[in-house]
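# Residue-level structure breakdown
Chain residues, written in single-letter form:
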Amino acid sequence: MLLTAPTALAQGSPALRVGIVGLVHGHVAGFLEHSLHNPEIELVGVAEPDAALASAYAQRYGLDHAILFPSLEEMLQKARPQAVLAYTNTFDHRRVVEICARHGVHVMMEKPLAVSSDDAHAMEKAAQQGKIHVLVNYETSWYRSNHAAYDLLHEGALGEIRRVVVHDGHQGPKEIGVPPEFMGWLGDPRLNGGGALYDFGCYGADLMTWLMDGKRPLTVTAVTQHIKPDEYPHVDDEATIILTYPKAQAILQPSWNWPFDRKDMELYGSTGYVLTVGHDDVRVRLKGKDEERTAGKPVAPPYDNSLSLLRAVVLDGAKPDGLSSLEANVVVSEILDAARRSAASGKTIVLSAQQ
């Protein structure tokens, strides 16, 4: 989870009561290190069935053992959070949403939404029935560079969108030293959906769905490889996903084989292009003009970080953005599910207009 400086709260504005469910996703450490004392939220409970893991986290971050619970149900009943942050494996997202929906508790989980299209649609149904918000947190949602690219496209500066290339990845989870409880499910196709295909393919699918204003692609074609079978025997570590739209194409390149962490994007329109450079900067070239490099403008709160957005959606009635919204991420799940099927079959998968 990307954590940034919290938005200043108006005097007297309430904090959002949140609970954590699961401690097996490594991004929980970022939350506990940087946002545990964020004035926008109040941590009221932690649900983790592994008592030893829960105790280790409590000791490391100074958590009161009184807020530790062995199950989500017990935490919801006794701590009464208004929203939960899910740091489970991806397979368990559906269970978390269905339980929270019965209690009227909102959910934000770490990307991606689901391990399958079926699970995504089940979560969508549960959220509608429980009248809860379900948000998905991506690090790239808060990049100024991505928002600058989106604005240039939607202001008409680039013409019609034609091609997008998204690079997302790092050396591999084992290579960067993720903790054992995290690695225990990242390499499990049932719990993670796939390897790099799901772990990093979701970023590009999310960005492209946002750029295309929520539209589904017409087709999905994917190729996966096991470049490091000794390290990742059960899941892919390299993938390429091609999405086609009526007048545009996207190439997503998720990888556990980059020489270093990489998250950037190339967006080509009919009259110009924009290349994102890290979190903040973009390179822009318009037809008839020289290339320039510029910094993206600050993203307006509460859309500048995950916790500000969650609090604003739950307490202030703010509208979820197009990157974190459930609607967009159901499409992302359909793309990833189709990509997995395409890679397994060697065939292009045609998506219907409405799944």
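For clarity, every value in this text was computed on a predicted model and none was experimentally measured. (Residues numbered from 1 in each chain as written. Predicted model: local features only at pLDDT ≥ 70, side-chain atom pairs only at ≥ 80, totals over all residues. Heavy atoms only, no water.)

### Section: the overall build of the protein chain
To keep things clear, this is the line we draw: Helix numbers and strand numbers start at the N terminus; a helix is a DSSP run of H or I with at least 4 residues, a strand a run of E with at least 2. Throughout, exposure labels follow a simple rule: accessible area from a 1.4 Å probe, protein chains only, divided by the maximum for the residue type, with under 20% read as buried, over 50% as exposed, and the rest as partly exposed. Contacts are assigned to residue pairs with any non-hydrogen atoms lying within 4.5 Å of each other. Each accessible area is a Shrake-Rupley estimate made with a 1.4 Å probe; only the visible protein chains count as cover when residues are assessed.
A count of helices and strands for the protein chain gives twelve helices and 15 strands. Projected onto the principal axes, the alpha-carbon positions of the protein chain cover approximately 65 × 50 × 40 Å. Sorting the 355 residues of the protein chain into buried and exposed places 57% on the buried side. For the protein chain, the proportion of contacts with a sequence separation of at least 24, taken over those separated by at least 6, is 72%. Of the roughly 14900 Å² of accessible surface on the protein chain, a fraction of 51% belongs to carbon and sulfur atoms.

### Quick look at the pairing of strand 12 (residues 272–277)
Across a regular strand the side chains alternate sides, sitting on one face of the sheet and then on the other. Going by this rule: When DSSP locates at least two bridges between a pair of strands, those strands are taken to pair.
Relative to strand 12, strand 11 (residues 262–269) is paired through three bridges, and the arrangement is antiparallel. Bridging across to strand 12, Leu267 finds its partner in Val274. Hairpin connection from strand 11 to strand 12: two residues lie between these consecutive antiparallel strands. Relative to strand 13 (residues 281–286), strand 12 runs antiparallel, the two being bridged by six bridges. Following the sheet pairing, Thr276 is matched in strand 13 by Val282.

### Description of the sheet that holds strand 11
Heads up, the condition is: Here an angle of 0 to 180 degrees is reported between the N-to-C directions of two axes, which are lines fitted to C-alpha atoms, with helices fitted over the stretch in contact.
If you walk across this open sheet you meet the nine strands as 14-13-12-11-7-10-9-8-15, and the pairing is mixed. The sheet is open, and its two borders are formed by strand 14 (292–295) and strand 15 (349–350), each paired with just one other strand. Of the pairings in the sheet, the one linking strand 8 (residues 219–225) to strand 9 (residues 238–245) comprises seven bridges and is antiparallel in character. Along strand 9, the bridge assignment pairs Ala222 with Ile241. The strands that helix 10 (residues 201–211) touches are strand 7 (161–169), strand 9, strand 10 (248–255) and strand 11; relative to strand 7, the one it contacts most, it runs at about 155°.

### Focus: unusual backbone geometry
Cis geometry marks the peptide bond from Lys111 to Pro112, where omega comes out at -10°. Looking at where Pro112 falls in the secondary structure, it is placed in the loop between strand 5 (106–110) and helix 5 (117–130). In this structure, Pro302 follows Pro301 across a cis peptide bond, with omega equal to 5°. Here Pro302 lies in the loop between strand 14 and helix 11 (306–316). In this structure, Arg80 takes a positive phi of about 50° despite not being glycine. By the secondary structure assignment, Arg80 is in the loop between helix 3 (72–79) and strand 4 (83–86). Using a relative accessible area of 59% as the deciding quantity, one classes Arg80 as exposed.

### Quick word on the side chain of Glu334
What counts, and what does not: The definition of a polar contact used here is a pair of N or O atoms within 3.5 Å, where within protein one atom must be able to donate a hydrogen and the other to accept one, and adjacent residues in sequence count solely through side-chain atom pairs.
Structurally, Glu334 can be placed in helix 12 (residues 326–345). A polar side-chain atom of Glu334 sits 2.8 Å from a polar atom in the side chain of His121.

### Description of the sheet that holds strand 5
The strand order across the open sheet built from six strands is 3-2-1-4-5-6, with neighbouring strands paired in parallel fashion. If you trace the sheet from one side to the other, it starts and ends with strand 3 (68–69) and strand 6 (134–137), each paired once. Here helix 3 sits on the sheet and contacts strand 1 (16–21), strand 2 (41–47), strand 3 and strand 4; the angle it forms with strand 2, its principal contact strand, is near 140°.

### Quick look at the pairing of strand 5
Threshold: Crossovers are marked right-handed if the path from the first strand over the helix to the second runs clockwise, as seen with the strands pointing away from the viewer.
The buried fraction of strand 5 is high, at five of five residues. By the alternation rule, side chains of strand 5 split into His106, Met108 and Glu110 and Val107 and Met109, which are all buried. In the classification by handedness, the crossover that spans strand 4, the intervening helix 4 (residues 93–103) and the parallel strand 5 is right-handed. Relative to strand 6, strand 5 runs parallel, the two sharing four bridges. Across the sheet, Met109 pairs through a bridge with Val136, a residue of strand 6.

### Looking at the environment of Pro254
Relative to the assigned elements, Pro254 resides in strand 10. Taking the C-alpha atoms as reference, Pro254 lies 6.6 Å from Thr240; in sequence the two are 14 residues apart.

### With respect to the side chain of Asp264
In this fold, Asp264 is placed in strand 11. A distance of 2.6 Å separates polar atoms of two side chains, one belonging to Asp264 and the other to His167. Setting aside anything within four residues of it in sequence, one finds Asp264 in contact with Val165, Val166, His167, Asp168 and Thr276.

### Observations concerning helix 11
Most of helix 11 sits inside the fold, with nine of its eleven residues counted as buried. Listed in full, the buried residues belonging to helix 11 are Ser306, Leu307, Ser308, Leu309, Leu310, Arg311, Ala312, Val313 and Val314. Packing partners of the buried residues in helix 11 comprise strand 1, helix 1 (28–34), strand 2, strand 4, strand 5 and strand 6. Where helix 11 begins, the side chain of Asn305 points an oxygen toward the backbone nitrogen of Leu307, at a separation of 3.3 Å.

### Some points on the packing of helix 6 (residues 144–154) against helix 10
Two quantities define a packed helix pair, namely the angle between the helix axes and the distance between the axes. We count it as follows: Working rule for angles: under 35 degrees goes down as roughly parallel, over 145 as roughly antiparallel, 65 to 115 as roughly perpendicular, anything else as oblique. Working rule for handedness: look at the near helix, and if it is turned counterclockwise from the far one by less than a right angle, call the crossing left-handed; if clockwise, right-handed. Charged residues are taken to be Asp, Glu, Lys and Arg, nonpolar residues to be Ala, Val, Leu, Ile, Met, Phe, Trp, Tyr, Cys and Pro, and polar residues to be all remaining types, Gly included.
Between helix 6 and helix 10, whose axes approach to 11 Å, the crossing angle comes to 30°. It follows from the interaxial angle that helix 6 and helix 10 lie roughly parallel. Judged by the sense of rotation from one axis to the other, the crossing of helix 6 with helix 10 is right-handed. Contacts between helix 6 and helix 10 involve Asn146, His147, Tyr150, Leu153 and His154 from the first element and Leu207, Trp210 and Leu211 from the second. Across the contact of helix 6 with helix 10, the residue classes break down as five nonpolar, three polar and no charged.

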